[in-house]
Structures are given as C-alpha cells and as structure tokens.
Amino acid sequence: MKAIYTILLLCVSNIFMTFAWYGHLKLQETKISENWPLWAVILFSWSIALFEYSFQVPANRIGFIENGGPFTLMQLKVIQEVITLIIFTVFATVMFKGEALHWNHIAAFICLVLAVYFVFMK
C-alpha cells in the first residue's frame, strides 16, 4: 500500500509543480497576467509550489525504504521524473495547443521508462 500512496502523492505533487512552473505562461498567453511584474509571477508560482511540497514531502517520507517504504532514494527520484514527464506531456499538449508530441519526444519517454526498469534491477 505504501508504494501506491507514494505514487499517488507524487502524481498530485507533480500536478501542482507543473502548474507552478508553467501555469503562469498560460496565464500570460490568455492575457490574465501579461502586465504582472516578475515578483508577482514568482509569488503566484510559490503559492502553488507550497501545495506541491505538501504532497512531495509525505510521498518521499512514506516511500523511502529507511522509513519503512518500498523505494530507495534513487528509485524515488526516477519514479518522480517519469511521473513529471507524463503530467507535463498531458499539460503541454492540452493547455498549449501549439505543442505537439513528436517521435523524438516519444523516444525520450521510452528512455525514461527504461531508466525505471534499470533502477529497479538488482
């Protein structure tokens, strides 16, 4: 169960992270924040990032093997990167219509999935 909780928390965390890192670009594109000073954009992103950390930290604590979880530190990081890529890909293709998936993006994604395979090898 700890593995499932960890992965679910990482997914939620990455949704917030993606909006914190790239959501302001969509707000600018839609003219909502086009006149905001940079410090306001940073504060906006930080306010979203607070929620990201509220899920990321428990995910790592629950999932880390030295806390009774199923994953090593390296495994947690690689899992998190793959989740980030999946969520970012959905976000970019849905929210930014000019972004499209190409063969090289898919090849890179396959490489990351292989990274998960290799990090779990004994």
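In what follows, the accompanying structure is described. (Residues numbered from 1 in each chain as written. Predicted model: local features only at pLDDT ≥ 70, side-chain atom pairs only at ≥ 80, totals over all residues. Heavy atoms only, no water.)

Turning next to the overall build of the protein. The secondary structure content of the protein amounts to 4 helices and 0 strands. In the protein, the succession of helices and strands from N to C terminus is α-α-α-α. Projected onto its principal axes, the C-alpha coordinates of the protein cover approximately 50 × 35 × 20 Å. Among the 122 residues that make up the protein, the fraction classed as buried is 28%. Long-range contacts, defined here as pairs at least 24 residues apart, represent 73% of the contacts in the protein between residues at least 6 apart. (Helix = DSSP H or I, 4+ residues; strand = E, 2+ residues; numbered from the N terminus. Buried < 20%, exposed > 50% of the residue type's maximum accessible area, 1.4 Å probe, protein only. Contact = heavy atoms within 4.5 Å.)

Look at Lys31: it is not a glycine, yet its phi comes out positive at around 70°. Along the chain, Lys31 turns up in the loop between helix 1 (2–29) and helix 2 (38–63). By relative accessible area, Lys31 is classed as exposed at 55%.

What follows is about the layout of surface pockets. Taken as a whole, the largest pocket encloses approximately 280 Å³ of empty space. Along its surface, the largest pocket is lined by 16 residues, and Phe88, Thr89, Ala92, Glu99 and His105 are the ones closest to its centre. With 6 residues, the single largest contributor to the lining of the largest pocket is helix 3 (residues 73–95). Partitioned by chemical class, the residues of the lining of the largest pocket number 12 nonpolar, 3 polar and 1 charged. (1 Å grid on protein atoms, 1.4 Å probe; cavity = no way out; pocket = protein on both sides within 12 Å on 5 of 7 lines; lining within 4 Å. Points joined across faces, edges and corners; volume = space filled by probe spheres on them. Nonpolar A, V, L, I, M, F, W, Y, C, P; charged D, E, K, R; others polar.)

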